[in-house]
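Each chain, letter by letter, is given below.
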Amino acid sequence: MFWQNGIKNMGITINKKKKILFILPSLKAGGAERVLSFLAKELDDSLFEIKLIVLGFPKDAVYNTDGINVIYLYKYRFLSSFFLLVKIFKKEKPHIVFTSIGHINFSMGFLNYFFKDIFFIAREASVVSKRRGFSAKNTKIPKFLVTLSYSNLSKIVCQSKDMKNDFINYLGIKEKKLIVINNPITAKFNSFDNKKSTNKCALDIRFITVGRLTKEKGHERILTALAKIKNYSFTYTLVGSGVLENYIKNLAKELKILENINFIPYTNKVLEHLTESDYFIQGSYVEGFPNALLESCSIGTPVIALKCPGGTKEIIENNINGYYLNNQEDFEKLLLILNKLPILDREKVKNSVINKFSSSKIISEYQNLFLNIK
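These figures come from a predicted structure and were not determined experimentally.

A. Structural detail: the overall build of the protein chain. When helices and strands are counted, the protein chain shows 16 helices and 13 strands. Computed over the C-alpha atoms, the radius of gyration of the protein chain is 22 Å, within 12% of the 21 Å expected from 2.2 N^0.38 for a compact globule of 374 residues. Considering only C-alpha atoms, the protein chain reaches an extent of 80 × 45 × 40 Å along its principal axes. In the protein chain, buried positions account for 53% of the 374 residues. Residue pairs at least 24 apart in sequence account for 69% of intrachain contacts in the protein chain once pairs closer than 6 positions are excluded. Computing the positive centroid from 55 side-chain charges and the negative centroid from 33, the protein chain places the two 7 Å apart.

Here you go:
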């Protein structure tokens, strides 16, 4: 247009919005799905033009995408979506492609060879070396190919310091390609019932775990420890579904604690269950940056977690918002005396995370990344 040409002739630069394509396999319940859909909604639309590419189907969506430009590819597998994505990249000509699932991140590293004008940024969801130990699918890809692919990405977002160090030490990725950005507190909630902030000893303790029923989440460690509790009563709410559901139920039956457990599949009332609980328990062998644990602290429910690689130790402050235990023996010892310990103040639990991991802080960090990528 005439006025644009006039401005250019005057030496004034017009700042265009940066176009970013977010890519997810689905909008089913999951940490990556939650964080990416949240970012797509919350990034400053005066700076960015966002499109969310979902390989799957609208019927599977559990996250609100109102106000987001969502393109569904109606595919069950990434491989059947590959050439569609290539066509979309050619048509849309985005500045940035942002992904967050291991096998998609891996593929984008190689696509970067063919789309030199696009910055491919991957948000890694777990500690790669440990994740490969829990997934036969991941170990089918030779390590040197994983290194080659990730080295070719423009930037890798690590959710925790452990994750960053793992990329450097395990895959040999250059530090300049890595940036640590924690997960944000995405939940909106009402103020909790602070009547629980007392020093009275609990007679009946309500535990909760939220997460997939898979091997790396360590549910068997939790059940084994809970089965040793004899000096107080307890209930255990287990929110989630997965391939080990029957195994976990059978184990609980063998340990004679099945009647203490309330199994709940995916629900949009997780916050209510967390608020009604006394402690969140995490038994994972590896974590990225545990959303459910962070969410628990954000509403004032303290956590008990076993030591593992990932971001857990960046959240937990011992005796402030929970307990971070070195091993199974320490975990079991704590549970046996938990009813005699002072109940942690829920206001302090909440305050320990609310500023460090606020959505505004984390969104600002992502915006700086996207604006300054070179």
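B. Local environment of helix α9 (residues 219–226). Along α9, six of the eight residues are buried, which leaves the element largely enclosed by surrounding structure. Taken together, the buried positions of α9 are His219, Arg221, Ile222, Leu223, Ala225 and Leu226.

C. Spotlight on the nonpolar core. One finds Phe207, Leu226, Tyr236, Ile304, Phe331, Leu335 and Leu338 to be the most contacted residues of the largest nonpolar core, which totals 50 residues. Among all residues touching Tyr236, those that are not within four sequence positions of it are Phe207, Ile208, Thr209, His219, Ile222, Leu223, Leu226, Asn260, Ile261 and Asn262. Membership of the second largest hydrophobic core comes to 32 residues, among which are Val97, Tyr150, Leu153 and Met163.

D. Representation of unusual backbone geometry. Residue Tyr74 is not a glycine yet carries a positive backbone phi of 55°. The backbone of Lys256 sits at a positive phi, close to 65°, despite the residue not being glycine. Its location among the elements puts Lys256 in the loop between α10 (245–254) and β10 (261–264).

E. Expanded view of the layout of surface pockets. For the second largest pocket, the calculated volume is near 210 Å³. Surrounding the second largest pocket, Lys17, Ala40, Lys41, Leu43, Asp45, Phe48, Glu49, Ile50, Asp66, Gly67, Ile68 and Asn69 form its lining. Sorting the residues of the lining of the second largest pocket by element identifies α2 (31–42) and β2 (48–54) as the ones contributing at least two each. Residue contributions to the lining of the second largest pocket peak at three residues, all from β2. Looking at the lining of the second largest pocket residue by residue, the class counts come to five nonpolar, two polar and five charged.

F. Broad picture of the sheet that holds strand β4 (residues 96–99). Taken in spatial order, the seven strands make up an open sheet running β3-β2-β1-β4-β5-β6-β7, and their pairing is parallel. Edge positions in the open sheet fall to β3 (69–72) and β7 (178–180), since each of these has one partner strand only. Adjacent strand axes in the sheet meet at a mean angle of 20° when their direction is disregarded. Where strand β1 (residues 18–24) and β4 come together, four bridges link them in parallel fashion.

What counts and what doesn't
- Residues numbered from 1 in each chain as written.
- Predicted model: local features only at pLDDT ≥ 70, side-chain atom pairs only at ≥ 80, totals over all residues.
- Heavy atoms only, no water.
- Helix = DSSP H or I, 4+ residues; strand = E, 2+ residues; numbered from the N terminus.
- Rg over C-alpha atoms; globule rule 2.2 N^0.38 Å.
- Buried < 20%, exposed > 50% of the residue type's maximum accessible area, 1.4 Å probe, protein only.
- Contact = heavy atoms within 4.5 Å.
- Lys, Arg positive; Asp, Glu negative; His and termini not counted.
- Charge placed at Lys NZ, Arg CZ, Asp CG, Glu CD.
- Core = buried A, V, L, I, M, F, W, Y, C linked by side-chain atoms within 4.5 Å.
- 1 Å grid on protein atoms, 1.4 Å probe; cavity = no way out; pocket = protein on both sides within 12 Å on 5 of 7 lines; lining within 4 Å.
- Points joined across faces, edges and corners; volume = space filled by probe spheres on them.
- Nonpolar A, V, L, I, M, F, W, Y, C, P; charged D, E, K, R; others polar.
- Pairing = 2+ DSSP bridges.
- Axes fitted to C-alpha atoms, helices over the stretch in contact; angles between N-to-C directions.

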